[in-house]
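What follows is the residue order along each chain.
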Amino acid sequence: PGRHARLLDDGSLAYNGSLVGAESGVEPLFDMWRKYGGGSMARYDASGNLLSEHVDALQHHDANHLDDGSILYASVEPLTGNRARAVRGGFPGTEALGGDKGDVVYADVINHVDAQGRPLWQWRAFEHLDVTTFPLQPHYWREHWPLINSVAPLGDDKVVASLRSVSAVIVIDKPTGDVVWQL
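Residues numbered from 1 in each chain as written. Predicted model: local features only at pLDDT ≥ 70, side-chain atom pairs only at ≥ 80, totals over all residues. Heavy atoms only, no water.

1. So, the overall build of the chain
- Along the chain, the regular secondary structure elements total 3 helices and 16 strands.
- The C-alpha atoms of the chain give 16 Å as radius of gyration, which agrees with the globular expectation for 183 residues (16 Å, within 12%).
- Surface exposure of the chain reaches about 9,300 Å², of which carbon and sulfur atoms provide 51%.
- Measuring between centres, the 15 positive side-chain charges of the chain sit 5 Å from its 24 negative side-chain charges. (Helix = DSSP H or I, 4+ residues; strand = E, 2+ residues; numbered from the N terminus. Rg over C-alpha atoms; globule rule 2.2 N^0.38 Å. Areas by Shrake-Rupley, 256 points an atom, 1.4 Å probe, with all protein chains shown as cover. Lys, Arg positive; Asp, Glu negative; His and termini not counted. Charge placed at Lys NZ, Arg CZ, Asp CG, Glu CD.)

Next comes the structure, spelled out in structure tokens:
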């Protein structure tokens, strides 16, 4: 199933699809993952032929296919134990179930990969966002923090991201990973 699509300057179609579902055999990480989990970031020519595809089962929401063939996208990583408990706010007791690992909070990661899927840059929310400055809003479940809805490049050295469940927009300096602006 499809998530997002747009025509690129070269005439190809960037298409982001979901791997979650009965047909793919990919199980959702938590209940809402069925709604916004992605995983397939592909480009097709005008005849519908697959030109390239990058697959990351942890990708969700947005994926920007850039003119050089690279992709900037949001994904998640699991936080357990003290790291999961460090995330503030949200509706108590709504963490994702992690089996023998205990409760899990999935934290966002922004990835930039080249046209062959090789990592160019990565930013981890838990390493760069202060959990007390960016708490979950009280009505959000604690399964996903800070829930990046969209991510886009700002020139060559900055990235803008909207953080739904903490009601913020941030600009990240790529060389340092620092948040240099927030709303």
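2. Here we look at the packing of aromatic side chains
- Under the counting rule described, the total for this entry stands at 6 aromatic pairs.
- Taking the centre distance of 6.2 Å and the plane angle of 75° together, the rings of Tyr-15 and Tyr-44 count as edge-to-face. Placement of Tyr-15 in strand β2 (residues 13-18) and of Tyr-44 in strand β3 (residues 39-44) is noted, with a sequence separation of 29 residues between them.
- Ring geometry for Trp-33 against Tyr-36: centres 5.8 Å apart, planes inclined by 70°, an arrangement best described as edge-to-face. Residue Trp-33 and its partner Tyr-36 are located together in helix α1 (residues 33-36), separated by 3 residues, close to a single helical turn. Tyr-36 shares its class with Trp-33; the two are buried.
- Of the aromatic side chains, those joined through ring pairs into one cluster are Phe-30, Trp-33, Tyr-36 and Tyr-106. (Phe/Tyr/Trp six-rings, centres within 6.5 Å; stacked < 30°, edge-to-face > 60°. Buried < 20%, exposed > 50% of the residue type's maximum accessible area, 1.4 Å probe, protein only.)

3. Here's the deal with the pattern of salt bridges
- Using the criterion set out here, one finds 7 salt bridges in the structure.
- For Asp-31, the salt bridge goes to Arg-34, with nearest N and O atoms at 4.0 Å. You'll find Asp-31 and Arg-34 in the same group, each marked exposed.
- Residue Asp-173 pairs with Lys-158 through a salt bridge whose shortest N-O separation is 3.8 Å. Here Asp-173, found in strand β15 (residues 168-173), pairs with Lys-158, found in strand β14 (residues 158-163); they are 15 residues apart in sequence, far enough to count as distant.
- Of the residues examined, Lys-158 reaches a relative accessible area of 26% and is grouped as partly exposed.
- What emerges from the salt-bridge pattern is a single network uniting Asp-157, Lys-158 and Asp-173. (Salt bridge = Lys/Arg side-chain N within 4 Å of Asp/Glu carboxyl O.)

Any link to function would need more than the numbers given here.
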